[in-house]
Amino acid sequence: MSRIQALRGTRDILPDEVSYWQQIETVARDIFSKAAYREIRTPIFEQTDLFERSIGEATDVVGKEMYTFKDRGDRSLTLRPENTAGVVRAFIEHHLQAQGTPQRLWYLGPMFRYERPQKGRQRQFHQLGVEVLGSADPRADAEVIAIASDLLQTLGLTDLRFAVNSIGNLDDRNQYREALVTYLTPYKPELDADSQDRLTRNPLRILDSKEARTQEILCDAPNLLQYLSPESKTRFDRVQQLLSDLGIAHTIDPRLVRGLDYYTHTVFEIQSDALGAQATVCAGGRYDGLVQELGGEATAAVGWASGLERLTLLLQTLQPLLPSALDFYLISKGDRAEAQSLQLAQQLRHLGFAVELDVSGSAFGKQFKRADRSGAIACLVVGETEADNQTAQLKWLKSGEQEAIAQTDLSDQAERLRQQIAAHRA
Ligand code: ATP
Ligand code: MG
């Protein structure tokens, strides 16, 4: 019989890898809560309209990448390709602005895009993201970038490039678009096929074409920054100043535009060289028009999303092995000893230790081998003698030192054991 396998572009995240995900989640939760960001969880599927209206029909995401289907009630649904649209919909639907603005939110979850799968690019992938809704202050732009920087730095990821740009307001952008199209039109036959198509549909996106000839042509193209109104320019200068004051090194990339239609003013990406073509680990920007576009009150907003698969790949190269969290491995042989070891395991767990109980019933030698492989700091052995006098042999696995401890009143010894384990771990 043919075996069923996971779908192309989806992956099982096996326990060894899950440790990295948990590490990212733990660090992220801590950083977000310290900055007063609260978690929001929105549905994985939404009305197709939500994404068409927010992300924009002319984008790759909406044009080529969405998982859209009819449900049994003949409604058009889409698996979310990103989560800003869902968060904004929830913000409007539940009148979150009434709870005071800005609302600082974060989320984590699976997203779906029909793409060509490769390293760091999947059809089901995961994003961690933040959104600040209800502030036009440049400090909000700098704050979200600073939080991304904290997250990456705390994870130990340092070789990163921060690229920022401003795409101005709608007026600035319309004028620039016209200038860009005027410049590019004579070169149309030389542009790559995608860019030719974008010349009418979404010309700004041509700026991030990866094709060499298109890039060459773009060298002399009009510069977006020169089309910023004085207000937009002042705003962008302020964001840059705030970032510099925070010690966040960044470069200005006038060709940085984002793939989704809803961005205004600040856009940014954080890139790593260690990921090949999938270099961007975090991307975001300001989207002052989106809340209104989706039927809410005019609400300035800024946010970012980071791809967890890419973060995990980076973490794995940095730390090929994660330390085990296990404190004790419990070994026993013989009926009474085996029953006692289960009790001992529970006692220790209730005292806060991480304990793995060997339930194989195999010879001591085999159990000791497994203890070594488990990554535990110590093992506790209960044999017949120990069972008779209600003790256990405590063996520190690194040094091989041993001592007998009483099975009862473990709570009296818990503090000492905790300290010794910490010392062995260090
Ligand atoms: P790319 O240019 O790599 O396709 P994008 O501009 O489409 O990225 P965004 O929509 O800004 O990406 O998503 C933010 C982040 O989510 C990306 O920087 C990346 O880390 C991650 N991401 C996006 N698409 C995928 C995917 N298909 N698989 C894995 N991660 C992804
Ligand atoms: Mg993409």
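Structure report, in brief. (Residues numbered from 1 in each chain as written. Chains lettered and ligands numbered in written order. Predicted model: local features only at pLDDT ≥ 70, side-chain atom pairs only at ≥ 80, totals over all residues. Heavy atoms only, no water.)

### Considering the pairing of strand β10 (residues 280-286)
And step 1. Among the 7 residues that make up β10, 6 are buried, leaving the element largely enclosed by the rest of the structure.
And step 2. The pairing of strand β9 (residues 264-272) with β10 spans 6 bridges and is classified as antiparallel. Bridging across to β10, Val267 finds its partner in Gly285.
And step 3. Here β10 runs beside strand β11 (residues 301-307); their pairing, made up of 5 bridges, is antiparallel. What sits directly across from Arg286, in β11, is Val302. (Buried < 20%, exposed > 50% of the residue type's maximum accessible area, 1.4 Å probe, protein only. Helix = DSSP H or I, 4+ residues; strand = E, 2+ residues; numbered from the N terminus. Pairing = 2+ DSSP bridges.)

### Focus on the sheet that holds strand β3 (residues 67-70)
And step 1. One open sheet holds the 3 strands; their spatial order is β2-β4-β3, and the pairing between them is antiparallel. The strands lining the two open edges of the sheet, one partner per strand, are β2 (45-47) and β3. On average, each strand axis in the sheet is tilted by 35° relative to the strand beside it, whichever way the strands run.
And step 2. Strand direction decides the pairing type here: β3 and strand β4 (residues 76-79), joined by 4 bridges, are antiparallel. Paired with Lys70 across the bridge in β4 is Ser76.
And step 3. Packed on one face of the sheet, helix α2 (residues 48-55) meets β2, β3 and β4 and runs near 75° to β2. (Axes fitted to C-alpha atoms, helices over the stretch in contact; angles between N-to-C directions. Contact = heavy atoms within 4.5 Å.)

### Focus: the side chain of Thr42
And step 1. In this fold, Thr42 is placed in the loop between β1 (38-39) and β2.
And step 2. Among the polar contacts listed, one links the side chain of Thr42 to the side chain of Asn83, at a separation of 3.1 Å.
And step 3. Residues within four places of Thr42 in sequence aside, it is in contact with Arg80, Asn83, Gly86, Val87, Arg89 and Ala90. (Polar contact = N/O pair within 3.5 Å; in protein donor to acceptor, adjacent residues only side chain to side chain.)

### Digging into the nonpolar core
And step 1. Of all hydrophobic cores here, the largest spans 46 residues; its most connected members are Ile55, Val88, Leu133, Leu180, Leu184, Tyr262 and Tyr287.
And step 2. If you tally residues by element for this core, the top one is helix α4 (residues 84-93), at 6 residues.
And step 3. When residues no more than four places from it in sequence are discounted, the contact partners of Val88 are Leu133, Tyr287, Leu290, Val291 and Leu294.
And step 4. Formed by 43 residues, the second largest nonpolar core is a distinct cluster that contains Trp21, Phe32, Val239 and Val302. (Core = buried A, V, L, I, M, F, W, Y, C linked by side-chain atoms within 4.5 Å.)

Limitation: the analysis is restricted to geometry and does not speak to function.
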